[in-house]
Amino acid sequence: MIGAADRQTMFAGTRSIAPALAFDIAALETYLAANLPGYSGSLRVEQFKGGQSNPTYLLCAGHQRYVLRRKPPGKLLPSAHAIEREYRVTRALHGIGFPVPRPLLLSEDPSIIGTAFYVMDHVHGRIFWEPHAPGLGAPERNELFDSLNETIARLHMINFDALGLSGFGKPDGYVARQIKRWSDQYRASQTRAIDAMERLMAWLPQAVPKQAEAALIHGDFRVDNCIIDARAPRVIAVLDWELSTIGDPLADFTYQLMQWHMPVDARGGGVGSLVGRQQEAPGLPSMESYVARYCERRGLSGIPNLNMYLAYNFFRLAAIFQGIAGRVRDGTAANPHADLMARQVEPMAAKAWEFAMEAGE
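No experiment lies behind these values; they were computed from the predicted model shown.

K.L.:
Describe in detail the nonpolar core, supporting the description with residues and values.
P.N.:
Within the largest apolar cluster, 80 residues are counted, with the highest numbers of intra-cluster contacts made by Leu93, Leu148, Met197, Leu216 and Phe315. At 13 residues, the largest contribution of residues to this core is made by helix α9 (residues 306-330). Sequence-distant contacts of Leu216, that is, excluding residues within four places in its chain, are made with Val89, Leu93, Leu155, His156, Phe160, Leu165, Phe168, Thr245 and Ile246. The next biggest cluster of nonpolar side chains, apart from the first, holds 21 residues, and it includes Ala18, Tyr31, Leu59 and Ala61.

K.L.:
Let's hear about the environment of Val67: which residues, and what values?
P.N.:
Topologically, Val67 is positioned in strand β4 (residues 64-70). A sequence separation of 55 residues divides Val67 from His122, and the C-alpha atoms of the two residues are 5.5 Å apart. Apart from residues lying up to four places away in sequence, Val67 is in contact with Phe48, Thr56, Tyr57, Tyr118, Val119, Met120, Asp121 and His122.

K.L.:
Go over helix α11 (residues 345-358), please, and point to the residues and values.
P.N.:
The first and last C-alpha atoms of α11 sit 20 Å apart over 14 residues, in line with the 20 Å expected at 1.5 Å per residue. Every buried residue of α11 is listed here: Val345, Met348, Ala349, Lys351, Ala352, Trp353, Phe355 and Ala356. Positive backbone phi, at 105°, marks Gly360, one or two positions downstream of α11.

K.L.:
Account for unusual backbone geometry, naming residues and giving values.
P.N.:
Positioned with a positive phi, Ala133 is a non-glycine residue whose angle comes to about 55°. Structurally, Ala133 is set in the loop between β6 (117-121) and α4 (138-156). In this model, Asn305 sits at a positive phi of 60°, which is unusual for a non-glycine residue. Given the relative accessible area of 43%, Asn305 is considered partly exposed.

Cut-offs used in this document
- Residues numbered from 1 in each chain as written.
- Predicted model: local features only at pLDDT ≥ 70, side-chain atom pairs only at ≥ 80, totals over all residues.
- Heavy atoms only, no water.
- Core = buried A, V, L, I, M, F, W, Y, C linked by side-chain atoms within 4.5 Å.
- Buried < 20%, exposed > 50% of the residue type's maximum accessible area, 1.4 Å probe, protein only.
- Helix = DSSP H or I, 4+ residues; strand = E, 2+ residues; numbered from the N terminus.
- Contact = heavy atoms within 4.5 Å.
- Expected span 1.5 Å × (residues − 1).

Structural data, given as C-alpha cells:
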C-alpha cells in the first residue's frame, strides 16, 4: 500500500505550473493591482499539487499570499468547473462565519488569463491527504472527526433562504437529477465500456427514495477538502465548493461515509481509504458511530436507504473519475497524478454495484 507520507508528498504543497495550465502572469498582476485592495509587490505564482478539476494556484506578492482558482482551458463538460458558483456560495458562507476562505474577487473575463477565475485569502493550516489523519494521537483523531462531523451537520442546518441562496439549486429531486447529470457526464467522457456503470445507470433511477428535506450541500466533503488548524484538530476552512447546490443533505453526508469502504489503490490514486487503518489510527470512529453523531446533531432517528445512498455516491464518484480520465485523454488534467485517479473508475463502479445489491437490486 502507498503510505501516508507518499500520498502527502504526491498531493501536498505546490509545484511549478504545468505547461498546459500556464497563463500570462503579467496580465494577472496588472489586473490584481487595479482591482484587489491592498495588493502590492511583484507577483510570483505556483500551482498546488492537489486538486483534480479546477486548477488552483498560490499567489505571492510582497508579504501577501492569495489563492486563485480558475476554470481549466480547453473543451469543458457541460455545467462542470463552476467557479462562479464557488465564489457565490463561499461569499455567502463567509458572511455568517462558516469556515471558508474569504473570497476577494471574481473575474469572468477570459481575456485576462484565458478562463474565468476567482481569488481568495490563503488560509494557513494542515491538509491531511490520508483520511485517517496520520501523526495524530487517539484524542486528537477523535476530535478531528468530531469537528468534521460538526461542520457538515452545521452546513446542513443553515437557512439557505436567509443567505440569499434560494435560487442556488432546485430543492427537490436532487439525487434523481444527479444520476441523470453524472450519467450524461460519464457518457461525454467515456473511454471504454464498464458493465457495472451500465447496470447502475439502469437501476439507480428507479431506486431513488423520496427526498425528505432540502439543504445547502457541499458535494465533495472529506478531510482533504478541509484545512485543519495547525495547532488543534479542528476544521478552519472548507475548500472546493464547485459541486455545491441545494439538495439532499443525506446524499451529501453519506458521500463522506464512502471512505470507510473505499477500495484501496496501492499506487496512491483514488481519494484515500479508511479500510484496514483501524489498528494504526487509534481514535478513528466507526462508520456507525459517525452516523449516530451526525443524526444526534441533526435530530434524526437514522438514515434510511443507507445502502442506496452509498451505491449512488460510489456511482457518482466513478463518473467524476471518468471525467478526470477524459481530461487525461485530452491533455487538460490539472494534477500530474490524474492518471491514477482515472484508473479508479472501475473499482468505484464495482463497489457501487455491491451496495446496489445490498440495497435489494
